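Summary of the model geometry
The chain contents come next:
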Amino acid sequence: MSYIVIGATGQLGALTVDALLDRGAAAHDIVAAGRNADRLAALAARGVHTRSIDLSDPATLAELFSPDDTVLLISGNELGQRVVQHGNAIDAAKAAGVKRLVYTSAPKADDTALVLAPEHKATEELIAASGLPATILRNGWYTENYVQAAEQAGQTGVLLTSAGGGRISSASRRDYAEAAAVVLLDDTTAGRVFELSGDTSWDQQELADAITKTVERAVTLRNVDPDEHQRLLVAAGVDEGTAGFLVALDGNTRDGLLGVTNGELSELIGHPTTPLLDGLREALSAD
Ligand SMILES: NC(=O)c1ccc[n+]([C@@H]2O[C@H](COP(=O)([O-])OP(=O)(O)OC[C@H]3O[C@@H](n4cnc5c(N)ncnc54)[C@H](OP(=O)(O)O)[C@@H]3O)[C@@H](O)[C@H]2O)c1
């Protein structure tokens, strides 16, 4: 019987391994899987088993799973390749007949205009089609997503956005990692879909205020329309595609797709989620 964390070499995955250990899982029952050799070595030093895998190479997944395993499939970070990659892991898990699969998805993945959702929706469909017992964690936004914006605003004194008054219910990665550990350890969560988010939501002015407190420099909010946002990003050296993606995400924020607060995350982890200011401070000091 093992808890297999696919993506353990990533930030959420490493925190999930920590959370599993904190919540009483034995190190020898945890298998940390990923590609990065240095990070696998760091995980091995904590006493957990490690496996080198490439989600694009089914051969590396063939011997990974056993019927008693509970598997956390953390969504990959190679946009556009993830459905195939996740499908490879799901196929291998199905072939082994694992006990349960847990997947980190996106808010309302099956019914949202969120630009990042289609690969998550397709993955959820593959999981459903596999017939494996599964738990879906539709993770909301990480507070850490705003570290770069905070660092830039710290340098320029300006927070540039086209998110309008849209609210974001972010939580810290650690909160989502704890939730992943909780559901991995609890088989009664099979069949559940959790919509996870921070307890409270904030808007761009509140983000600017939090950055001001964190970087100790007055940060002014500059809320522009999407075309102007795109133009300013490109003028600042961001390539067209990335700029378009960032503007689309701000559009999703403006439309309220990232602002749901339902308390499911704090209920799962048994304590309030990390507030914006605390999460930002911690992330910036770690950066
Ligand atoms: N909710 C949010 O706000 C938010 C924000 C950003 C991302 N995400 C999603 O949540 C996931 C976890 O977040 P994170 O911050 O932990 O991301 P991360 O630090 O970039 O970690 C991504 C993990 O995916 C693994 N991975 C990617 N492609 C792989 C492949 N072909 N084969 C094997 N492993 C592969 C990486 O392994 P190696 O490092 O060993 O290559 C790493 O362990 C991301 O991958 C992304 O899908 C969510």
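Residues numbered from 1 in each chain as written. Predicted model: local features only at pLDDT ≥ 70, side-chain atom pairs only at ≥ 80, totals over all residues. Heavy atoms only, no water.

It is worth spelling out helix H1 (residues 11–22) at this point. For H1, which comprises 12 residues, the first-to-last C-alpha distance of 17 Å matches the rise-based estimate of 16 Å (1.5 Å per residue) to within 8%. For H1, the complete set of buried residues consists of Leu12, Gly13, Thr16, Val17, Ala19 and Leu20. Take H1 and look down its axis: the buried residues cluster within an arc of 165°, on one side only. Among the exposed residues of H1, those pointing more than 90 degrees away from its buried face are Gln11 and Asp22. (Helix = DSSP H or I, 4+ residues; strand = E, 2+ residues; numbered from the N terminus. Expected span 1.5 Å × (residues − 1). Buried < 20%, exposed > 50% of the residue type's maximum accessible area, 1.4 Å probe, protein only. Arc of directions from axis to C-beta.)

As a further point, take the domain arrangement of the protein chain. For the protein chain, the domain assignment lists domain 1 (3–139) and domain 2 (143–171 + 197–260 + 274–287). Computed from C-alpha atoms alone, the centre-to-centre distance between domain 1 and domain 2 is 28 Å. Contact with domain 1, which involves eight residues of that partner, is made by seven residues of domain 2. Between domain 1 and domain 2, the buried area comes to about 570 Å², and carbon and sulfur atoms account for 76% of it. (Domains from an automatic or database assignment. Contact = heavy atoms within 4.5 Å. Buried area = accessible area lost by both parts, 1.4 Å probe.)

We now examine the site of the ligand. What surrounds the ligand is a group of 24 residues, the closest being Thr9, Leu12, Asn36, Ser75 and Gly76. Here glycine 7 contributes a backbone N or O atom positioned 3.2 Å from an oxygen atom of the ligand. Taking aspartate 54, its side chain carries an N or O atom lying 3.0 Å from a nitrogen atom of the ligand. Where the shell around the ligand is concerned, the elements lending two or more residues are H1 and helix H3 (82–96). (Near = heavy atom within 4 Å. Polar contact = N/O pair within 3.5 Å; in protein donor to acceptor, adjacent residues only side chain to side chain.)

For the rest of this paragraph, the subject is the environment of asparagine 77. Examined against the element boundaries, asparagine 77 turns out to sit in the loop between strand E4 (70–73) and H3. On the accessibility criterion, asparagine 77 (63% relative accessible area) is exposed. Distance in space between the C-alpha atoms of asparagine 77 and glycine 10 is 9.4 Å, their sequence separation being 67 residues. Discounting chain neighbours no more than four positions away, the residues touching asparagine 77 are Arg35 and Arg82.

It is the contact of H3 with helix H4 (residues 117–130), at a shortest axis distance of 9 Å, that shows an interaxial angle of 20°. Considering the angle they form, H3 stands roughly parallel to H4. The handedness of the crossing between H3 and H4 comes out as right-handed. Taken together, the residues of H4 that come into contact with H3 (itself represented by Arg82, Val83, His86, Gly87, Ile90 and Lys94) are Glu119, His120, Ala122, Thr123, Leu126, Ile127 and Ser130. The residue inventory of the contact of H3 with H4, partitioned by class, reads five nonpolar, five polar and three charged. (Axes fitted to C-alpha atoms, helices over the stretch in contact; angles between N-to-C directions. Parallel < 35°, antiparallel > 145°, perpendicular 65-115°, else oblique. Left-handed = near helix turned anticlockwise from the far one by under 90°. Nonpolar A, V, L, I, M, F, W, Y, C, P; charged D, E, K, R; others polar.)

Take the nonpolar core next. In this structure, Val17, Leu20 and Leu196 are the most contacted members of the largest nonpolar core, which totals 31 residues. Of all the elements in the fold, those that place two or more residues in this core are strand E1 (3–6), H1, strand E2 (30–34), helix H6 (173–184), strand E8 (193–196) and helix H10 (264–269). The leading source of residues in this core is H6, at eight residues. Sequence-distant contacts of valine 17, defined by excluding residues within four places in its chain, comprise Val5, Ala8, Ile30, Ala32, Leu43, Arg46 and Val48. (Core = buried A, V, L, I, M, F, W, Y, C linked by side-chain atoms within 4.5 Å.)

Before going further, it helps to spend a moment on helix H9 (residues 240–254). Compared with the 21 Å implied by 1.5 Å per residue over 15 residues, the 21 Å span of H9 between its first and last C-alpha is a close match. Burial in H9 covers these residues: Ala243, Val247, Leu249, Asp250, Gly251, Asn252 and Thr253. Where H9 is buried, its residues contact strand E7 (158–161), helix H7 (204–215) and helix H8 (226–235). Where H9 begins, the side chain of aspartate 239 points an oxygen toward the backbone nitrogen of glycine 241, at a separation of 3.1 Å. At the C-terminal side of H9, glycine 256 shows a positive phi close to 85°.

Before going further, it helps to examine the packing of aromatic side chains. Describing an aromatic ring pair means giving the distance of the ring centres and the angle of the ring planes. Tallying each qualifying case throughout the model produces two aromatic pairs. Summarising the aromatic geometry, the rings of tyrosine 142 and tyrosine 176 are spaced 5.7 Å apart at their centres and angled 50° between planes, so their arrangement reads as tilted. Separated by 34 residues along the polypeptide, tyrosine 142 in the loop between strand E6 (134–139) and helix H5 (147–156) and tyrosine 176 in helix H6 bring together distant segments of the chain. Their ring planes at 85° and their centres at 5.1 Å tell us that tyrosine 146 and tryptophan 202 sit as a pair that is edge-to-face. In this pair, tyrosine 146 sits in the loop between E6 and H5 while tryptophan 202 sits in the loop between E8 and H7, placing the two residues 56 residues apart along the sequence. Residue class for tyrosine 146 comes out buried when judged on its relative accessible area of 12%. (Phe/Tyr/Trp six-rings, centres within 6.5 Å; stacked < 30°, edge-to-face > 60°.)

Read from one edge of the open sheet, seven strands run E3-E2-E1-E4-E5-E6-E8, paired in parallel fashion. Edge positions in the sheet fall to strand E3 (49–52) and E8, since each of these pairs with one other strand and no more. Between one strand axis and the next, the sheet turns through 15° on average, direction left out of account. Sheet topology places E2 next to E3; four bridges connect them, and they run parallel. (Pairing = 2+ DSSP bridges.)

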